[in-house]
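For reference, the chains in residue letters:
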Amino acid sequence: MSILIVIEESNGAVHRMSREAVVAGQALGRDFDLPVSAVLLGHDTSDLCQSLDSTQLHEILQADHPLLGSYSSDGFSRALAQVIESESPRYVIAGHTYMVRDFFPRVSAKLNIPFLADNIAYRVEGGALTLTKQILAAKLVADVAPAGDGPCIISFQSAAFQEEDVAEGSEATARQVSISLEDGSIRTTSEEPFQEAASAVDLSSAEVIVSVGRGIGKEENLPLAQELAAAMGAELAASRPVVDSGWLEGYHQIGSSGQTVAPKLYFALGISGAIQHVVGMKGSKNIVLINKDPDAPLFELADYGVVGDLLEIVPKLKKALQA
Amino acid sequence: MKIAVLVKQVPGGDSPLRISDDQLWVIEDNVNFITNESDAYAVEEALQLREKSGEGEVVAVSFGPERTQRTIREALSKGADRGIHIEDSYPYSSDPLKIATALSEALKEEQFDLILSGLQSDDYGFGQVGVLLGETLGMTTATLVMSTELSDGSLKVKRELESGWFQWVSLSLPASISIQSGINTPRYPSLKGIMGAKKKEIKSVAPDSATAAAQAISRVYIPQKTKKTEMIEGTADQQVKRLAEVLKKEIRVV
Ligand SMILES: Cc1cc2nc3c(=O)[nH]c(=O)nc-3n(C[C@H](O)[C@H](O)[C@H](O)COP(=O)(O)OP(=O)(O)OC[C@H]3O[C@@H](n4cnc5c(N)ncnc54)[C@H](O)[C@@H]3O)c2cc1C
């Protein structure tokens, strides 16, 4: 039995959330006294394997196959299921990335084992593992546990673990694991990734950002935020629902599907603080939030908070700043 | 083209969330239940696919307690042809594998060409059921779908990747795809649609209760606050005064 960490590649390197998953896996390894190994799914993964050189790991398994050269849900789910069957790990660990969302549930269904997704922490009590995840838009949290003690798959949310906490060590042994994929087993074809129309504003270099959330209510209210931004010399950004509704262009979106920013001030108006938004702005030096709900999760991250109606406060604030 | 769309009923964002006595869910009395956000986009996409192809059927499918029928009815009032309700006596089933198994039992005879679902529910957010179901029924799958194109029995979808990237993927049918919010503009039901929906069929199916849960929620609680946030109190005018001072003198951005 072992802990097996699934490593994802991103721009030729180990994905940030995979590095965080390594930290989670190492911690679980200590708690359960189990060897911790990593698995790379792909084709010609020796460079990626090398980049894990100084990471304390028992083994690095290379599940290599020409049909895994580019990602497909069919290929990756079959390959990971085969690795789990041959290696029988106790826990399979990964970051809750978009790719993990895409193919891990299929592994769960293939092997009939639970996939405990998107956790923020774990604890061990009397040898039993309990995971914690945010529910109901992060307003509440829940403890979740696998039913049996068979193998289970676990993913962790971005920043649940800090990559700096990784245990370093001498070279792990690399080992090839054979994967069998017949021709025709991959029923999809993928084109090259692309970005939509280039961004008109590079929000990543902005000093001050006024960011609008669903709390703005309707498109007609948008000028309130635009005028405040103008009065402050700030760039305008938004959470996903504002972009989804077509009120602002996609390049204004902050978060896991949009831009990542770290301004001197991130001034959030009517944003609740979902993790997919938070990953894009948590590095901001100062965070100010206006929200009518005192329990909005983003208050937890804010340096200054105003509980109130932004439709009332924003115009008054604009006046006060111009005075 | 025979299309199923999976819909789930979840507490609306403005609902008061008081934890129930068994600490496993919330007290439902004052909860305003709505159709899960990404599922509403999935319903719209299903209707548009049917309209574009000029034929076919859209079936709204939901797993949940009695109240869930309202969510199915909403999809019917927007134009879905019929509904299937997989009854769950438990108001808070939290095991995606078990839900997907119940769905596959209920749907396998139907031989859908396409299953659409929202990418995750706003209550538990496991984000798995559409993919689990696709795998169980031997379908191709894709998630985070932001556009669909259907031609000559093959499906092409635009998938959202991280940090503003996208990718087109072609899938063979049958397929189960999960829809990301923002893919379209969901319609409102018309008055005629609402009247017509009353006559549409919702078939109720009892799930095979023999399946054991693979995972379960053991406790629900309020997250601990750790950060010291300066909460600016007072009337709106007092709040504005202090806020202006903070921006000018403390953060010094104006
Ligand atoms: C895979 C995936 C990727 C995603 N990517 C992103 C992403 O890149 N970026 C992103 O932002 N989201 C993303 N999301 C969506 C994310 O989960 C949230 O749904 C979204 O961030 C919520 O936006 P919001 O806070 O504006 O809206 P809500 O969560 O609806 O919050 C609105 C807030 O406004 C407050 N409010 C309402 N009226 C007023 C008023 N008059 N005055 C003051 N406050 C008011 C409410 O109290 C509430 O807190 C993604 C989700 C998934 C599953």
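Anything mentioned here points back to the structure above.
Attention here is on the structure that accompanies the text. Note that the structure is predicted; figures quoted are calculated from it, not measured.

Reading guide: rules and limits
In this convention, every chain numbers its residues from 1, walking through the sequence in written order. Labels are handed out in written order, letters beginning with A for the chains and numbers beginning with 1 for the ligands. Under the rules for a predicted model, residues below a pLDDT of 70 receive no local features and side-chain atom pairs below 80 are neither given nor counted, while totals for whole chains, interfaces and linings still include all residues. For side-chain calculations, the full set of non-hydrogen atoms in the structure is used, while hydrogens and water are omitted. Think of a 1 Å grid over the protein atoms and nothing else: a 1.4 Å probe that fits but is trapped marks a cavity, an open set flanked by protein within 12 Å on at least five of seven lines marks a pocket, and residues with an atom within 4 Å of a point count as lining. Grid points are joined across faces, edges and corners, and a volume is the space filled by probe spheres set on the points. The secondary structure listing takes helices from DSSP runs of H or I that are at least 4 residues long and strands from runs of E that are at least 2 residues long, numbered from the N terminus. Note on classification: 1.4 Å probe, protein chains only; a residue is buried when its accessible area is under 20% of the maximum for its type, exposed when over 50%, partly exposed between these limits. Note on pairing: two strands pair once DSSP finds at least 2 bridges between them. Each axis is a line fitted through C-alpha atoms, and for a helix only the stretch in contact is used; angles between axes span 0 to 180 degrees, taken between their N-to-C directions. Contacts are residue-level and defined by heavy atoms, with any inter-residue pair within 4.5 Å sufficient. Nonpolar cores were defined as sets of buried Ala, Val, Leu, Ile, Met, Phe, Trp, Tyr and Cys residues, with membership established by side-chain atoms within 4.5 Å. Near is defined per residue: the residue qualifies when any heavy atom it owns lies within 4 Å of the molecule or strand. Whenever two N or O atoms come within 3.5 Å, that pair is a polar contact, provided that in protein one can donate a hydrogen and the other can accept it, and provided that, for residues adjacent in sequence, both atoms are side-chain atoms.

### Notes on empty space enclosed by the protein
It is the rolling of a water-molecule-sized probe over the atoms that shows where space remains empty. Residue and element names in this part refer to chain B. The tally for this structure, following the rule as stated, stands at 5 cavities of 30 Å³ or more. When its volume is computed, the largest cavity comes out at roughly 520 Å³. When residues of the lining of the largest cavity are traced back to their parent elements, those giving at least two are β2 (9–11), β4 (57–64), α3 (96–107), β6 (114–118) and α4 (129–136). The greatest single-element share of the lining of the largest cavity, amounting to 4 residues, is contributed by β4.

### Focus on unusual backbone geometry
Along the chain, L173(B) connects to P174(B) via a cis peptide bond; the corresponding omega equals 0 degrees. Following the sequence through the fold, P174(B) ends up in the loop between β9 (165–172) and β10 (175–179). A positive phi angle is found at D118(A), which is not glycine, with a value near 60 degrees. Inspection of the secondary structure assignment puts D118(A) in strand β7 (residues 115–125). Under the relative-accessibility criterion, D118(A) is labelled buried at 8%. The backbone phi angle of L136(A) is positive, close to 50 degrees, even though this residue is not glycine. Inspection of the secondary structure assignment puts L136(A) in the loop between β8 (128–135) and β9 (140–146).

### Let's talk about the sheet that holds β7(A)
Taken in spatial order, the 10 strands make up an open sheet running β11(A)-β5(A)-β4(A)-β1(A)-β6(A)-β10(A)-β7(A)-β8(A)-β9(A)-β12(B), and their pairing is mixed. A strand with exactly one partner marks an edge of an open sheet, and here the two such strands are β11 (173–178) of chain A together with β12 (215–221) of chain B. Pairwise comparison of adjacent strand axes, ignoring direction, gives a mean angle of 35 degrees for this sheet. Summarising the sheet, β7(A) and β8(A) pair through 6 bridges and their orientation is antiparallel. Bridging across to β8(A), Y122(A) finds its partner in L131(A). Across the face of the sheet, helix α1 (residues 16–32) of chain A comes into contact with β1 (3–7), β4 (36–42), β6 (91–95), β7, β8 and β10 (152–156) of chain A while running at roughly 180 degrees to β1(A).

### Section: the sheet that holds strand β16 (residues 265–269) of chain A
Spatial ordering of the open sheet is given by β15(A)-β14(A)-β16(A)-β17(A)-β18(A)-β13(B), a layout of 6 strands whose pairing is parallel. Each edge of the open sheet is held by one strand with a lone partner, namely β15 (235–238) of chain A together with β13 (230–232) of chain B. Across the sheet, the mean angle separating the axes of adjacent strands is 20 degrees when strand polarity is ignored. Pairing of strand β14 (residues 208–212) of chain A with β16(A), which is carried by 5 bridges, proceeds in the parallel orientation.

### Overview of the nonpolar core
One finds I7(A), I93(A) and I154(A) to be the most contacted residues of the largest nonpolar core, which totals 46 residues. Sorting elements by how many residues they give to this core places α1(A) first, with 7 residues. Sequence-distant contacts of I7(A), defined by excluding residues within four places in its chain, comprise V14(A), S18(A), V22(A), A38(A), V39(A), L40(A), L48(A) and L52(A). Counting residues in hydrophobic clusters, the runner-up holds 37 residues, among them V243(A), V240(B), L243(B) and L247(B).

### A few points about the site of the ligand
Around the ligand, the surrounding shell holds 30 residues, and the nearest of these are S239(A), I254(A), S272(A), Q276(A) and N291(A). Each of chains A and B places residues next to the ligand. Contact distances for the ligand include 2.9 Å between an oxygen atom and a side-chain N or O atom of Q253(A). Within the backbone of S256(A), a nitrogen or oxygen atom sits 3.2 Å from an oxygen atom of the ligand.

By themselves these figures say nothing about function.
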